[in-house]
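Analysis of the macromolecular model
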Amino acid sequence: MEAISNPILLYGACALVGVGIGVALPRKGRNPQVLGALVAAVGLGGLFLWAGIASQGALPNYHFYLFSAIALGGGLRMITHPRPVYAALYFILTILASSGLYVILSAEFMAFALIIVYAGAILITYLFVLMLSTQAPTEEETDALSPYDRFAREPGAATFVGFILIAGLTSLMVTGAPGLDSASAGAAETREGYLERLPGKVERAMQRTEGEDGEMLIARSDEVVSVDASDRTALVRNTDGAERTVPLPADLSLRNVEGVGFELLYAKPGAIEIAGIILLMAMLGAVVLARKKVEMDEEAKLAMAGGDA
Amino acid sequence: MLVDIATMAQGDFPEPMTGLTLMHYLMTSGLLFALGLVGFVTRRNLIIMFLCTELMFQAAGIALIAFSRFHLNHTGETFVIFVLTIAAAEAALALALVVLLFRRKETLDASSWAELRG
């Protein structure tokens, strides 16, 4: 019974989302965008309700639902809004909500990088190009917008294809996902292994952590010589040069930024260089493409030459 | 069957994730991707079409971060850096091209360039 009812609920919700988006897309004549958005929202809510029911026993975190709702709502409004600048602003909303999702996944570094790079740099570029290349209508009516913003191209067929895709993906999640193994112990070991390369961090942590006797684990003047991550001990030398082995604090582990840094610069050192080269080539390409030849007549050239002399 | 997915890897930082499943993230990611795809196919404004590809990048990023958390390593997160790089490079080049095209025909309509098809 469950095997039949679950896919029907799932495909019903997917179809609802598809119909809603199809209605909400800008079109000729009457434009029931609010109605379409509501239908799509009901469908999205149904999908998440289905996901919640399917993973009973694990009550989901409400922050996740909040950020997902904002991200999906922003995305929906972005593809249906007739005014391009508003679409870009709704995309910034989606970016902010998905950086919230990143924080829930304890990827703080990427969350902030996302806000800085996407919302701060890329979207501003988009807004500038929009302002440079759109004849903004002064009236409030959307009739003043260019026709290519007011009418969508093939809304019915496109939403149909899009939600065939999403129905396939979500039903694969039901049948295919249980085959996934959860985290391997080896991955966590590598993570801890990086602690051996951070004696300074270990030293600072031990100087601030109280041992069982109420004293700090090591004194301010002590120095951590080396760290053994596998049995969680550190070799400590005091000012007299005497060495001893001290167990690491129990809660000492690698932080998110440190982990990303090691992964990027230690485990995959070439990758960041490649990214730099891609960015450099893109910058050069953009400069070459968008450069405009300035036409200068003879008088202006003479005036410039005279100014220099 | 699905409860198996729900027993997602419990991390040590900053606190164990209570009850969030990988499937929820994949569903958000998939829906965002589908929205971006629908937008890319239906909208006729060149700039909005590129914005929709950014939405699809974003969906891929959420899936990568979720898998990175699921497997408790940072590979997915470092890959998101490359998604950001590609997005930035694409924005620079594509927008330069859009500006060029706009100078030629004073329109952003994608179908006004239909003669470019081979």
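What you see is a predicted model, and the numbers here were worked out from it, not measured in a lab.

Attention now moves to helix H10 (residues 256-267) of chain A. For H10(A), which comprises 12 residues, the first-to-last C-alpha distance of 15 Å matches the rise-based estimate of 16 Å (1.5 Å per residue) to within 8%. Buried positions along H10(A) lie against helix H5 (108-133) and helix H11 (269-290) of chain A together with helix H4 (75-105) of chain B.

For the rest of this paragraph, the subject is the environment of B:Met56. All names here are of chain B. In this fold, methionine 56 is placed in helix H3 (residues 46-70). When the C-alpha atoms of methionine 56 and leucine 31 are compared, they prove to be 9.7 Å apart, with 25 residues separating the residues in sequence. If we skip the residues at most four places from it in the chain, methionine 56 touches Phe33, Gly36, Leu37 and Phe40.

Moving on to the sheet that holds strand E1 (residues 223-228) of chain A. Residue and element names in this part refer to chain A. If you trace the 3 strands from one edge of the open sheet to the other, you get E1-E2-E3, paired in antiparallel fashion. At either margin of the open sheet sits one strand with a lone partner, and together these are E1 and strand E3 (243-247). Taking the axes of each pair of neighbouring strands and ignoring which way they run, one obtains an average angle of 30 degrees across the sheet. In this structure, strand E2 (residues 233-237) lies alongside E3, joined through 5 bridges in antiparallel fashion. Opposite threonine 233, over in E3, you have proline 247 as the bridge partner. Each of E1, E2 and E3 is contacted by helix H9 (residues 199-208), which is oriented at about 110 degrees to E1, the strand it contacts most.

This brings us to the packing of aromatic side chains. All told, the structure shown has 5 aromatic pairs over all chains when counted by the stated rule. Relative to A:Tyr65, the ring of A:Phe64 lies with its centre 5.5 Å away and its plane at 65 degrees, an arrangement referred to as edge-to-face. Here A:Phe91 and A:Tyr118 contribute two aromatic rings whose centre-to-centre distance is 6.0 Å and whose plane-to-plane angle is 75 degrees, an arrangement assigned as edge-to-face. A residue pair is termed long-range when its members are at least 10 positions apart, and A:Phe91 in helix H4 (residues 84-104) and A:Tyr118 in helix H5 qualify at 27 residues. Taken as a pair, A:Phe91 and A:Tyr118 share a single burial class, namely buried. Three or more aromatic residues joined by ring pairs make a cluster, and in this case those are A:Phe64, A:Tyr65 and B:Tyr25.

Next up on the list: the nonpolar core. Counting 83 residues, the largest nonpolar core has A:Ile21, A:Met110, A:Tyr118 and B:Leu31 as the members making the most contacts within it. Top element by residues in this core is H3(B). It accounts for 13 residues. Residues lining this core come from more than one domain, with at least three contributed by each of domain 1 (2-176) and domain 3 (256-308) of chain A. Dropping the residues within four chain positions of it, A:Ile21 is found in contact with A:Gly36, A:Ala40, A:Leu76, A:Ile79, A:Thr159, A:Phe163, B:Leu35 and B:Val38. Core analysis: the next-biggest nonpolar cluster, separate from the first, contains 15 residues, A:Met206, A:Ala234, A:Val236 and A:Phe262 among them.

How each quantity is defined
Residues numbered from 1 in each chain as written. Chains lettered and ligands numbered in written order. Predicted model: local features only at pLDDT ≥ 70, side-chain atom pairs only at ≥ 80, totals over all residues. Heavy atoms only, no water. Helix = DSSP H or I, 4+ residues; strand = E, 2+ residues; numbered from the N terminus. Expected span 1.5 Å × (residues − 1). Contact = heavy atoms within 4.5 Å. Pairing = 2+ DSSP bridges. Axes fitted to C-alpha atoms, helices over the stretch in contact; angles between N-to-C directions. Phe/Tyr/Trp six-rings, centres within 6.5 Å; stacked < 30°, edge-to-face > 60°. Buried < 20%, exposed > 50% of the residue type's maximum accessible area, 1.4 Å probe, protein only. Core = buried A, V, L, I, M, F, W, Y, C linked by side-chain atoms within 4.5 Å. Domains from an automatic or database assignment.

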